[in-house]
Amino acid sequence: MSLAVRLALTLSQAALLAAVAPLVNGFIKVLKARFQRRVGPPLTQGYRDLAKLLVKENLHAAPTSALFRLAPAVSLTSAVLASATFPCVAFGGWAASGDVLTALYVLALGRFFTALAGLDAASAFGGLGSSRDVSIAALAEPVAVVAVLVLAAGVGGPPDGAVLAGVHGTVFTSWRLLAAIAFFLVVLAECARVPVDNPATHLELTMVHEAMLLEYSGREFAASTLAAQVKQTVLLALLAAVFLPDGLGASGDPGALALSAAAFAAKLFGLAALVAVVESSVAKLRLFRVPDFLGAAAGLAILAYVAREAL
Amino acid sequence: MLNLIIDALAAGRVTEEVPGPRAGWAAAAVGRFDLASSAPEALRAAIELCPAEAIAVERSGGKAVAVIDDGRCVQCGLCAEGDAAAFKNVHEEPAMGRSAASLRRRFPLEGFEGASLGPDFALDAHDRVSREGARLAEVVLKRFRRSLHVRHLDAGGCNGCDWELNQLQAPQYDVQRFGVDFVASPRHADVLLVTGVMTRNLELALVRTLDAMPRPRLVVAMGACAISGGVFGTSYASRGGADRVVAVDGYLGGCPPRPWAMIRALRMVLE
Amino acid sequence: MTEAARKEADRLVGRAPDDRRALKGARAYALALEELAPTVGRALAASWRFGSLVADQPRPGEVRLDYVFVAPGVRVPVVLGLSVPPAGVPSIALACPAASWAEREVSDLFGVTFSGSPDPRPLVHHEDWPEGLFPLRAGVNPPLPVERVSGQYPFRHVEGEGVMELRVGPIHAGIIEPGHFRFTAVGETVLGLEVRMFYVHRGVERLAQGRVPAAALAIAERVSGTASVAHSVAAARAMEAALRIEVPAAHALVRSLLLELERLYNHAGDLGNLCAGTALSVALAEGLIIKERLLAMNQALSGSRYLRNLVGLGGVRRAPSSADLDSALTGATAALESVERLANGIFGSATNLERLSGTGLLSPEHVRALGVVGVVARASGVRTDSRVDLAFPTPADSEIYGTLKPATETGADVAARAQVRLAEARESLRLCQGIVTRLADTDPAPPGISDRTGGEGLGWAEGPRGEILTFVRLEAGRVARLRVRSPSRMNWPAIEHAIPGNIVPDFPLINKSFNLSYAGCDL
Ligand code: SF4
Ligand code: SF4
């Protein structure tokens, strides 16, 4: 397979994930609405919101800099690129492959820019959100790294998404599930979900992620919103493809591809449903309890490692 | 932990269909008030009692008309009390429209002698009809109809309108299903929804909030207070309606307007 | 017992009630200027609670100050009346912090200055209000809109290493009323909070002047949207006291029913709303469902979702039919069942309970010093409830409420306030059942009337947020002075003491647990 074809396939996977990101988010919203005994927004509401934002003006508060204007594009690009390191549908010659840790660092870059922009807007809440976000990230990111390393230990070489998926896709191990749970908890924290943040809140004093976006409007706000949704989908996809690669096809023939695509979609939306369930059944933690929560995630990741060594 | 969800799923959905403007009125429910009697004494008594100065008798040429301003009426029913009352409660929502003047309903009076009575609505400085809203391109309106983000601002009411607005999020109304959502920042908003009388101490905040909203944008005033000041009118502490300070694209009467009417009014401004 | 308490009050003030004073619904004493401070000192020592400060100008050129207290056992408010020149009244705010905002308000609106006040800053007027303009003084009619001047409000200032200031409002992100909060915090921990109110000051008291009672009651219904019944009942009772109107039993009972239904829908809604602060979205939605059902039921009963348009002078404007009453009771009973399930969700969820417990503590000492009322006071273990502290104007209510035991909790935190609300919702339903049964064998009667057109009276009602005290003076059948003391006015200053030590993101939750009305405070 030529590099060009492979690159094209990888990029189309990234584009596809980005394209379904609003749908995944809409799915969570609709499910949450059902738990609240209501109909909820249309599944496609995310796209409608973006389309609307495209006709709106970009307003800037006077003191913002180029950084503020650049940050949405950077975080969107980083979120899209992060998905290029692991195969969602088939591995082997077909698949996207790369260092998964790089994916995490690329995502961190996006977050870094968003946080800087939050500070840049010079509103009290932007700064508050940035400082909260960064302190949560400081705890969440190492846990994510450890969870990935648990999978990579013993495989050798850098944690390549395709290789990891290939190794783990064939056997089911209980410790892999532990690592997956640890990573899922990190996803909740990274994607501003309950119990760490509340995406549905209107209370500015409690916000983490949204506080950093309060000053954005128009296309820039559209980019920031989409970036957050893509990041969420990419992290869930990473969980589905690398931590739970079961069902992933090894060959490129159409039947196997279709099966593996169906399995991936089921896992992705299943995980999204899990997010909705968690978000609907627990209260948000007090801010100073978030380290305990992420500590528990770290504990799980370490337990996964111990279990792996022991079993 | 999961029992909350399980209970909710077992209990089932409660979201209701949007009723027509005339459907679903309880027998006693206060709605709008129409003329019931042209007797001068009855009209005089109603004008005297009305706490919102919402009733007037206007003379133009040889004809007299009774005017009831749904932009002021607080639906107290005092003008409809007793057998000989000048007005009667008809079970319909108070008026909505694109100008404050369009909320004034006129009833020709038969054989009414004498001078004008009550407040002079013509003196009202209210009608700062926004040109921004009327000029919105169809493509914008179309996108707004599918995604409308609302920023609420209480300019100083009794909080009744705010609670009704809050009920739009109740699963029975579930305003999200219409693509409508309330947002935390004016920068994310398409509509500024004003409730409450325009107090002196919030004028600046209202102007600043609107300035922080990206164009294209709309301003809607809901409730008698936000239209005219309602029962609070103008005083040392307040200016009356929101349109004394900013241009307004849509008005909905009521004190407070009911949630379904609020949903209809949001649709009206996007027509 | 009441007689003994009244004698005790006479002894404390050192005289018999002032028989020249025509104020009804109160025990009024006339005081000389220099007697004020010592009398207030003795009153506070005897556990009198500061209720209200009523400034009025029955004669032009003279401001009369009435210091209203609620004294244990006396069963009507005790009024210490003072006729003063508009300067040089000694401030009692140092001894009685509860009176601080009231004094500042009277300074702003009437131009009375209080000497030795610990906090002489303006309260109602914001920084751009012209100096020397006192809008409630007789004969003051500035051209509108009142000009703006430049000025600055002297906020309290906290400085120190790592201390940052966070300013929120007046406009907030949610569907909330406007108010300004200034936090000083180190990291996420709050050191201090200063609340700046009166953004929604509409001049309600001034607007009521010159209105006939029915129109003034319509205004009173709109002092605070979700306490429409309580505010109009308090105002109606004050007018009825002033005009010596007897309210027939059937009318008094319907009013009490409305008061309890108002409490029920408020408490049910508040329990659900608390979950917005903890992101328990399913319970939040359930609370909204229950509240919507109660609002629809209110409308079926009264015509208004907020129970407006029924309270009138001398009784109620329209008697609900017995079928209406029965279906209201059925609706309320069903709603309470749902509330119980909701409460199981709220208190049964460990993650949620963890958020509520120990959050937003308000000590009983602060409650007493600041004259806090209602749910907030009772959740800090201080049993004040005007349904028990003060007498009912009619025997019918007294009988119904004779069995009432106000719910109290000692937790003094967000959880305790939620528990009190739940207990009160249950109690309200029980009271409603009693009232409807009593109504069935009470003869219908027309509302009470009177030939009088003038007089002064105090009225009260226990609203969902606590005690409302209203003073009315009528002249020639019209309101000459309306003075409203809402529960939120007493409780807002207290929230400043419940926040320090908590973290910034817990403020909305604590604020919701207080559930104060901005409109009711700002008037
Ligand atoms: S406010 Fe409306 S209902 Fe009340 S008296 Fe005036 S016109 Fe009639
Ligand atoms: S219109 Fe009526 S309900 Fe709305 S804020 Fe004004 S007084 Fe309150």
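Owing to the predicted nature of the structure, the values given are computational and were not obtained by experimental measurement.

K.L.:
Could you clarify how one ought to interpret the interface of chain B and chain C in this entry?
P.N.:
One widely used convention gives an interface's size as the accessible area the parts lose upon coming together. Taken together, the contacts link 59 residues of chain B with 65 residues of chain C. Summed over both sides, the interface between chain B and chain C buries roughly 5200 Å², with carbon and sulfur atoms accounting for 59% of that surface. Among the residues chain B hides against chain C, the three largest losses belong to Trp163(B), Arg200(B) and Tyr236(B). Together they make up 17% of the total. Here chain B and chain C share five salt bridges between them. Glu81(B) is the salt-bridge partner of Arg317(C), the closest N and O atoms lying 2.5 Å from each other. The interface formed by chain B and chain C holds 25 residue pairs in polar contact (both at pLDDT 80 or more) in total. Elements represented by at least two residues in the side of chain B that touches chain C include exactly helix 1 (3–11), helix 2 (40–49), strand 7 (148–154), helix 5 (160–167) and helix 6 (203–211) of chain B. The residue inventory of the side of chain B that touches chain C, partitioned by class, reads 33 nonpolar, 16 polar and ten charged.

K.L.:
How should I be thinking about the site of ligand 1 in this particular structure?
P.N.:
Around ligand 1, the neighbouring residues are Phe33(B), Cys50(B), Pro51(B), Ala54(B), Ile55(B), Ile68(B), Cys73(B), Val74(B), Gln75(B), Cys76(B), Gly77(B) and Cys79(B). Each residue belonging to the shell around ligand 1 can be placed in one class, and the counts come to ten nonpolar, two polar and no charged.

K.L.:
What is the right way to look at the pattern of salt bridges in this model?
P.N.:
Side chains carrying opposite charge are able to pair once their charged atoms draw close together. Scanning all chains against the criterion turns up 71 salt bridges over all chains. Among the ionic pairs, Arg111(A) bridges to Glu141(A), the shortest N-O distance being 3.6 Å. Highlighted residues: Arg111(A) in helix 4 (residues 100–120) and Glu141(A) in helix 5 (residues 124–152), separated in sequence by 30 residues. By relative accessible area, Arg111(A) is classed as buried at 9%. Assessed through its relative accessible area of 26%, Glu141(A) is described here as partly exposed. One salt bridge connects Glu427(C) with Arg430(C), and the closest N-O pair in it is separated by 2.7 Å. Placement of both Glu427(C) and Arg430(C) in helix 15 (residues 414–440) is noted, with a separation of three residues, approximately one turn of the helix.

K.L.:
Looking at this model, I keep getting lost on the site of ligand 2. Mind explaining?
P.N.:
All residues adjacent to ligand 2 are Gly157(B), Cys158(B), Gly160(B), Cys161(B), Gly223(B), Ala224(B), Cys225(B), Gly254(B), Cys255(B), Pro256(B), Arg222(C) and Arg308(C). Nearby residues around ligand 2 are contributed by chains B and C. Contributing elements (two or more residues each) for the shell around ligand 2: helix 5 and helix 7 (224–228) of chain B. Along the lines of polarity and charge, the residues of the shell around ligand 2 split into six nonpolar, four polar and two charged.

K.L.:
Would you mind showing me how to read the sheet that holds strand 3 (residues 63–69) of chain B here?
P.N.:
Working definition: the strands of a sheet are paired by backbone hydrogen bonds and lie parallel or antiparallel to each other. All names here are of chain B. If you trace the three strands from one edge of the open sheet to the other, you get 2-3-6, paired in antiparallel fashion. Edge positions in the sheet fall to strand 2 (55–60) and strand 6 (104–109), since each of these pairs with one other strand and no more. Going from strand to strand, the sheet's axes swing by 30 degrees on average, the running direction of each strand aside. In the sheet, strand 3 pairs with strand 6 via six bridges, with the strands oriented antiparallel. Note on strand 6: the bridge partner recorded for Val67 is Arg106. Set on the sheet, helix 2 makes contact with strand 2, strand 3 and strand 6; between it and strand 2 the angle comes to about 130 degrees.

Basis of the calculations
Residues numbered from 1 in each chain as written. Chains lettered and ligands numbered in written order. Predicted model: local features only at pLDDT ≥ 70, side-chain atom pairs only at ≥ 80, totals over all residues. Heavy atoms only, no water. Contact = heavy atoms within 4.5 Å. Buried area = accessible area lost by both parts, 1.4 Å probe. Salt bridge = Lys/Arg side-chain N within 4 Å of Asp/Glu carboxyl O. Polar contact = N/O pair within 3.5 Å; in protein donor to acceptor, adjacent residues only side chain to side chain. Helix = DSSP H or I, 4+ residues; strand = E, 2+ residues; numbered from the N terminus. Nonpolar A, V, L, I, M, F, W, Y, C, P; charged D, E, K, R; others polar. Near = heavy atom within 4 Å. Buried < 20%, exposed > 50% of the residue type's maximum accessible area, 1.4 Å probe, protein only. Pairing = 2+ DSSP bridges. Axes fitted to C-alpha atoms, helices over the stretch in contact; angles between N-to-C directions.

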